[in-house]
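What the coordinates show
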Amino acid sequence: MIPVCITTIFAFVMKMKNIKGLKAELASSQNIIIIPHKNPDGDAMGSTLALYSYLMLKQKKSTVITPNDYPSFLKWLPCNNDVLVYENNGQTAKKLIAEADLIFTLDFNHLGRCGDLQELLEANKKASFVMIDHHQQPDDYAKYMYSDPAMCSTCEMVYHFIDQMQDIALINKDIATCLYTGIMTDTGSFRYRSTTSTTHRVIANLIDAGAENTQIHEGIYDTNTLSKLQLKGVALKNLRLFPEYRTAYISLSQKELNDHNFKKGDTEGFVNIGLSIDNILFAVIFIENENEGIIKMSFRSKGSFSVNQFARNHFEGGGHDNAAGGKSDLPLNETIDKFMSILPVYKKELLNS
Ligand code: 5GP
Ligand code: MN
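This text gives an overview of the structure that appears in the document. These numbers come from a predicted model, not from an experiment.

Focus on the overall build of the chain
- Broken down by element type, the chain carries 14 helices and 12 strands.
- Its C-alpha atoms give the chain a radius of gyration of 20 Å, near enough to 20 Å, the size a compact globule of 353 residues would have.
- Taking the principal axes of the C-alpha coordinates as reference, the chain spans close to 60 × 55 × 40 Å.
- Burial statistics for the chain: of 353 residues in total, 53% are counted as buried.
- Within the chain, contacts between residues separated by at least 24 positions form 67% of all contacts whose residues are at least 6 apart in sequence.
- Carbon together with sulfur atoms contributes 50% to the accessible area of the chain, which is approximately 16300 Å² in total.
- The distance from the centre of the 35 positive side-chain charges to the centre of the 40 negative ones in the chain is 2 Å.

What to know about the site of ligand 1
- Neighbouring ligand 1 are 14 residues, the closest being Arg113, His135, Lys296, Ser298 and Arg300.
- Residue His135 places a side-chain N or O atom 2.7 Å away from an oxygen atom belonging to ligand 1.
- One nitrogen or oxygen atom from the main chain of Gly318 is found 3.0 Å from a nitrogen atom belonging to ligand 1.
- Here ligand 1 has 500 Å² of accessible area as a free molecule, and 82% of this is covered by the chains.
- If you tally residues by element for the shell around ligand 1, the top one is strand 12 (residues 323–328), at 4 residues.
- Of the residues in the shell around ligand 1, the class split is 2 nonpolar, 9 polar and 3 charged.
- Each of domain 1 (4–221) and domain 2 (226–352) contributes no fewer than three residues to the shell around ligand 1.

Section: the sheet that holds strand 4 (residues 102–106)
- Pairing is parallel across the open sheet formed by 6 strands, whose spatial order is 3-2-1-4-5-6. The sheet terminates laterally at strand 3 (84–85) and strand 6 (144–147), the two strands that pair on one side only.
- Where strand 4 meets strand 5 (residues 128–133), 5 bridges bridge the pair, whose relative direction is parallel. If you follow Ile103 over to strand 5, its bridge partner there is Phe129.
- Along the sheet face, helix 2 (residues 42–57) touches strand 1 (32–36), strand 2 (62–66) and strand 4 and points at about 165° away from the line of strand 1.
- Its contacts with the sheet put helix 3 (residues 90–99) on strand 1, strand 2 and strand 3, and the angle it makes with strand 2 is roughly 125°.

Reading guide: rules and limits
- Residues numbered from 1 in each chain as written.
- Chains lettered and ligands numbered in written order.
- Predicted model: local features only at pLDDT ≥ 70, side-chain atom pairs only at ≥ 80, totals over all residues.
- Heavy atoms only, no water.
- Helix = DSSP H or I, 4+ residues; strand = E, 2+ residues; numbered from the N terminus.
- Rg over C-alpha atoms; globule rule 2.2 N^0.38 Å.
- Buried < 20%, exposed > 50% of the residue type's maximum accessible area, 1.4 Å probe, protein only.
- Contact = heavy atoms within 4.5 Å.
- Areas by Shrake-Rupley, 256 points an atom, 1.4 Å probe, with all protein chains shown as cover.
- Lys, Arg positive; Asp, Glu negative; His and termini not counted.
- Charge placed at Lys NZ, Arg CZ, Asp CG, Glu CD.
- Near = heavy atom within 4 Å.
- Polar contact = N/O pair within 3.5 Å; in protein donor to acceptor, adjacent residues only side chain to side chain.
- Nonpolar A, V, L, I, M, F, W, Y, C, P; charged D, E, K, R; others polar.
- Domains from an automatic or database assignment.
- Pairing = 2+ DSSP bridges.
- Axes fitted to C-alpha atoms, helices over the stretch in contact; angles between N-to-C directions.

Have a look at this one:
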């Protein structure tokens, strides 16, 4: 058998451009911040907290600042208590952003994705921006850019970034746990098309570095409450099928959310229910958010039908080919009407993909 050096087998992994320049800036930087997108998910929190732990091992103190709060099933992640939530700590976050000389932005492709933080980040003209992200059509704001839409997750990219920094040996249990979490959540537990053999090699290395796969899976997925499961029942009741378009949608009104003691993250994964139906390849969920005055939408697809393009074209959103999000300022029923009026335009594409 040929012995395989596991850290050097990633032949086709795209790289961070000008890593030497970034290394030099990292060495001299005094104030580093790390920013995920608004409504951070497992990949956003996993990647930012892994980078935070990695920089700490490099004797570099940084601060993770999230635009807003995130689901409690992510709050057991290592170093979670060090996270600063902007919507709860506005003044401290503002000061840190203004003073920053190096700003890592993770798991998003344009600054508009971090809500109210956008203005503050854009006001800092002296900082160098670093982007590590796997969404399509990235904006051009970062001096150091590692963008690869073929990657399954930003967490896998952080792994390759650490590899490129020649620091694989530094990956400890905390970093491995965070990276495993984001890869697992963004790949639907290693089942989406973006999951490659390299992804599995990275995962194997993370397990060797201390990631406890069963515990991580349970921490993310086995934290249901009765009211959350009952809300899922409502979602199932509201499911509508349109086999002629190979499409399914679910809607949840604010009242239905309130009646089930809704908490952030409770509807995570509901959109996939539609996709699990035979012959359905486009699934949508409409969720009313009275607080923000919008209907938040999630889009999922199978095969070549691009929900990224659909969300961009019609609902001020975007994301990936098979998973994207968007929003509407119309009331819930009018948003659904709008969606249904657009659907026939895509009939041919949906039937042929
Ligand atoms: P989710 O539906 O799980 O919120 O998001 C699915 C994917 O689409 C994620 O990669 C997320 O970052 C992206 N996404 C969600 N909402 C939006 C949005 O409003 N705009 C853009 N550009 N991307 C979004
Ligand atoms: Mn991601």
